[in-house]
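# Observations on the model geometry
Each chain, letter by letter, is given below.
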Amino acid sequence: MNASKLPDLVGRYRECAVLDELLTAPRAGEPRVRVLRGEAGMGKSVLLEYAAARASHMTVTRAQGVEADMELPYASLHQLCAPFLAQVDELPAPQRDALRVAFGTAAGDPPDRFLVGLAVLTLLTRASENRTVLVLVDDAQWLDQVSLQTLGFVARRLLAEAVAMVFAVRDPEGEGVLTHLPETWIGGLDAASAAQLLGAMGYIQGVLFNGLARYDEALAAAQSAIDHDGFNFRGLSLVEHIEAATRCGRHDEARASLARLLDLTRATDSGWAAGAGARSRALLAEDDEADALYRTALEEFGRGGVTVELARTHLLYGEWLRRNRRPAQAREHLRTAFDMFDGMRAAAFAERARRELTATGEHVRTRATTPSGALTPQESQIATHAAEGMTNARIGAELFISPHTVEWHLRKVYAKLGINSRRALPDALAGAPGADGRPRRERRTAADRIHAPSRAAGTPGPR
Ligand SMILES: Nc1ncnc2c1ncn2[C@@H]1O[C@H](COP(=O)(O)OP(=O)(O)O)[C@@H](O)[C@H]1O
Ligand SMILES: [Mg+2]
């Protein structure tokens with residue numbers, strides 16, 4: 001169940017070091033338990049992802065508190081024990097019986113909580129004899145009461161076992177929850193990290209809004225990115241700012257950003273820097289000069305292999321050509337831009353290219369829409385797990401949904417694939433269309449999917 005990709009964390013060196021120590025070099029005699037406490041949005045969940053990614057060599061199990069499920073006794077504990085349920089039978093009889101009643105697989109009076117706690121402790125301890133176990137609990141303030149008590153009980157009793165537990169608790173809602181355990185307060189980011197994060201986010205918004213042709217908002221977002229950026233997003237943000245500002249008719253601001261961009265990229269000899277400089281100058285240039293600059297930008301981005309920027313340059317050049325009453329050439333570049341964006345599923349930019357193309361009188365058909373009968377990404381994920389032999393409970397635990405929901409999705413999958421059992425899944429999946437409408441076996445590479453009507457996207461480069 002290990003998530004393996006490290007999240008792109010900004011800052012948080014101290015917090016990561018605490019987690020690293022917990023996972024890799026625990027202090028002798030100290031429990032490997034940590035509560036991450038902080039307000040909503042501070043980055044607790046993303047720190048749990050960090051821990052999960054660092055634990056590729058461990059057995060990772062998770063529970064996710066859900067406000068709506070707080071009244072369901074043992075719901076979260078059940079989720080957390082999912083990877084170990086096969087071992088329940090081997091527990092000492094009193095523990096086994098208590099756990100079975102708690103999880104609703106046997107009838108009986110409400111179980112003795114002490115026995116349930118011991119049962120979970122035994123399960124984790126035995127599992128840890130093979131590989132270190134990492135228990136991750138997110139939004140602990142929303143665990144059902146008995147699950148929370150049980151996990152607190154377990155956490156207090158871990159000593160020499162190779163079991164680590166990390167809880168994330170929201171403050172102030174979770175005040176008083178797990179207070180007796182070692183704690184790290186997750187406060188605001190330091191100023192430099194916060195600035196870097198704002199810069200990154202402003203830049204991304206700048207791109208998004210430019211894609212949507214909402215240039216006022218793109219301008220504001222790019223401006224904020226430039227103001228807050230530590231270093232590496234500044235060049236990118238300036239490019240977004242120049243495009244948005246020229247489209248808003250604010251040429252002085254665009255010129256100021258252009259000067260800063262050229263300054264910043266002067267020393268670099270990359271296709272990106274040269275292409276970005278040429279295209280940004282083209283946006284502000286007069287006729288013949290603009291034409292030459294757009295062609296230079298196409299050449300440079302092509303040289304640098306910067307496909308997204310190459311596509312955006314075809315779009316801007318096409319827009320410029322159309323406004324300069326050269327519709328035939330405009331169509332050629334807009335068509336190339338559209339095919340490239342459509343191929344990379346950049347829906348907003350593809351739509352902007354499509355609108356421009358329509359304005360030149362050309363009719364466009366999009367191919368990025370999901371064909372009916374194709375699986376949604378979630379259905380696809382569930383079906384793949386089921387085909388691999390995972391139970392509904394296990395899939396549910398992995399995806400944080402109930403086994404019922406898993407079953408419900410699977411029934412839709414069966415209907416779409418025209419099968420009626422789990423056993424038929426592997427074969428059916430191999431031949432089923434994915435979200436792109438292609439049979440999976442024959443799915444081609446991303447580069448192939450950028451379909452080229454004539455000499456367009458397959459061989460990008462200078463014209
Ligand atoms: N240090 C960080 N670096 C990068 N992104 C972060 C950082 N901290 C938080 N985020 C992002 O901010 C958002 C909120 O973080 P999250 O972990 O969900 O907060 P919490 O769980 O404390 O409510 C997420 O999109 C997360 O990826
Ligand atoms: Mg969270």
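Located above this text is the structure these notes cover.
I will try to describe carefully the structure that is included in this document. (Residues numbered from 1 in each chain as written. Chains lettered and ligands numbered in written order. Predicted model: local features only at pLDDT ≥ 70, side-chain atom pairs only at ≥ 80, totals over all residues. Heavy atoms only, no water.)

### As for the nonpolar core
As a rule of thumb, nonpolar side chains are buried together in soluble globular proteins. If you look at the biggest cluster of nonpolar residues, it comprises 45 residues, and the most contacted ones within it are Ile242, Tyr294, Leu315 and Phe341. At seven residues, helix H13 (residues 307-323) tops the list of elements feeding residues into this core. Looking at this core, you find at least three residues from each of domain 2 (190-261) and domain 3 (268-364). With near-sequence residues (within four places) excluded, Leu315 lies in contact with Leu334, Ala337, Phe341, Phe349, Arg352 and Ala353. (Core = buried A, V, L, I, M, F, W, Y, C linked by side-chain atoms within 4.5 Å. Buried < 20%, exposed > 50% of the residue type's maximum accessible area, 1.4 Å probe, protein only. Helix = DSSP H or I, 4+ residues; strand = E, 2+ residues; numbered from the N terminus. Domains from an automatic or database assignment. Contact = heavy atoms within 4.5 Å.)

### Structural notes on the pattern of salt bridges
Using the criterion set out here, one finds 33 salt bridges in the structure. Here Arg37 makes a salt bridge to Glu183, at a shortest N to O gap of 2.9 Å. Taken together, the residues span a long stretch of sequence, with Arg37 in strand S1 (residues 33-38) and Glu183 in strand S5 (residues 183-185) at a distance of 146 residues. Between Arg322 and Glu356 there is a salt bridge, with its nearest N and O atoms 2.9 Å apart. Remark: Glu356 occurs in helix H15 (residues 347-359) and Arg322 occurs in helix H13; sequence separation between them is 34 residues. For Glu356, a relative accessible area of 10% corresponds to the buried category. (Salt bridge = Lys/Arg side-chain N within 4 Å of Asp/Glu carboxyl O.)

### Thoughts on the packing of H13 against H15
Interhelical geometry of H13 versus H15 gives an angle of 25° and a closest axis separation of 11 Å. Classed by the angle they form, the pair H13 and H15 counts as roughly parallel. When the axes of H13 and H15 are compared, the crossing they make is left-handed. Contacts from Arg312, Leu315, Leu316, Glu319, Arg322 and Arg323 in H13 reach Phe349, Arg352, Ala353, Glu356 and Ala359 in H15. (Axes fitted to C-alpha atoms, helices over the stretch in contact; angles between N-to-C directions. Parallel < 35°, antiparallel > 145°, perpendicular 65-115°, else oblique. Left-handed = near helix turned anticlockwise from the far one by under 90°.)

### Looking at the pairing of strand S4 (residues 163-170)
Burial runs high along S4: seven of the eight residues are buried. In terms of strand pairing, S1 meets S4 through six bridges, oriented parallel. Its bridge partner being in S4, Leu36 is matched across the sheet by Ala168. Here strand S3 (residues 133-138) runs beside S4; their pairing, made up of five bridges, is parallel. Counted as the bridge partner of Val137 is Phe167 from S4. Handedness of the crossover is the feature at issue here: the chain leaves S3, passes through helix H6 (residues 145-157), returns alongside S4, and the resulting connection is right-handed. (Pairing = 2+ DSSP bridges. Right-handed = clockwise from strand over helix to strand, strands pointing away.)

### Thoughts on the sheet that holds S1
Here we have five strands laid out as an open sheet, ordered S2-S3-S4-S1-S5, and parallel in their pairing. Each edge of the sheet is formed by a strand with only one pairing partner; in this case those strands are strand S2 (59-64) and S5. Across this sheet, the average inter-strand angle for adjacent strands is 15°, counted without regard to direction. Here helix H1 (residues 13-24) sits on the sheet in contact with S1, S3, S4 and S5, set at roughly 150° to S4. Sheet strands touched by helix H2 (residues 44-54): S1, S2, S3 and S4. Its angle to S3, the strand with the most contacts, is close to 165°.

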